[in-house]
Structures are given as C-alpha cells and as structure tokens.
Amino acid sequence: MGMMMRRDRGFFPEIFDMLESPLLSLRPMGQSLRFEDFVRDGQYVLRCELPGVDPAKDVEVTVAGGMLTIHAERHQEEKEGGRSEFRYGSMTRSVTLPTGAKEDEVTATYDKGILEICVNMAEAKQAGTRVPIAMPEKER
C-alpha cells in the first residue's frame, strides 16, 4: 500500500471533511459514499465501497476542474413480503484532486464491490534551486 494522502484544501481541511460526513450533511444516513485515498507508485488512488451496483449501468465517474466526482445508483429489488433495511437511491461524492494530478490520465476498475480510481500524478518538481550569492572582489 502507498502513503496516505491529505488533500490540500486551505487553512481548515478538517471542516471540509466534517461537512462531507453524513451526520452533518443533508443526505439521508447511509447514502454517502465511503472511500479511502492514497498515493501508490506515482498515482493518486481512490477506492470507494459500492457493493450491489452494476458499474456499467449505475456508476459514473467524471473529472473536471480539479474535482473527481462519483455518482452511483442502487436500485431496489421488488420482493413480496418481509422487510428491507437496505438503502436504495442515488449517491454522489466529489473529491478535490491533489496538486499535480493529470485529469486526462484517469482509469477506473470495479471488483467485488470496490471501485478503484487511479489518477497519474506529475513528477514532483524540485523544491527549488539554490542561487549562489556573488560578492564584490573588495569584500572577499
């Protein structure tokens, strides 16, 4: 596994994480998409739990303006009698991509209820180059 990733969202990143929580949002409980993200081998990787959906028909992944958005729908199966505590309906979650993410190089795979999205990252540039300071001949 790679290194855990912290998205750069300004001065108060914890506030954004709290606002995405289903407890504080207007979304019904259980309708949020849970995910984990990290960097592995030069790629930003986001894994999202999506059991019980057909990825070909019910999942849409889009990338634009530094945001990755996952939209999924879980359809209710009609059954006679009994009860169901399963949640059905539409779920959407957007995530800010880290600096250096290449929006045109994104892949997604779905296996055993887990959607994995990989975004290539630009090579990290050097922090800077030290500039030598010249001194006049008199002061040496």
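See above for the structure.
Heads up: these notes are all about the structure in this document. (Residues numbered from 1 in each chain as written. Predicted model: local features only at pLDDT ≥ 70, side-chain atom pairs only at ≥ 80, totals over all residues. Heavy atoms only, no water.)

Before going further, it helps to spend a moment on the overall build of the protein. From N to C terminus, the protein includes two helices and eight strands. Contacts in the protein between residues at least 24 apart in sequence constitute 50% of all its contacts with a sequence separation of at least 6. Counting only carbon and sulfur atoms, one obtains 54% of the accessible surface of the protein, whose full area is about 10600 Å². (Helix = DSSP H or I, 4+ residues; strand = E, 2+ residues; numbered from the N terminus. Contact = heavy atoms within 4.5 Å. Areas by Shrake-Rupley, 256 points an atom, 1.4 Å probe, with all protein chains shown as cover.)

So, on to the pattern of salt bridges. Evaluation of the coordinates by the stated rule reveals five salt bridges. Residues Arg34 and Glu49 are paired through a salt bridge, measuring 2.7 Å at the closest nitrogen-oxygen approach. Note that Arg34 is positioned in the loop between helix H1 (13–19) and strand S2 (35–40) and Glu49 in strand S3 (residues 43–49), a separation of 15 residues in sequence. The exposure class assigned to Arg34 is exposed, which follows from its relative accessible area of 57%. (Salt bridge = Lys/Arg side-chain N within 4 Å of Asp/Glu carboxyl O. Buried < 20%, exposed > 50% of the residue type's maximum accessible area, 1.4 Å probe, protein only.)

On to the side chain of Arg93, then. Its place among the elements puts Arg93 in strand S6 (residues 89–96). A distance of 2.7 Å separates a polar side-chain atom of Arg93 from the backbone oxygen of Leu33. (Polar contact = N/O pair within 3.5 Å; in protein donor to acceptor, adjacent residues only side chain to side chain.)

Coordinates in, geometry out; function isn't part of it.
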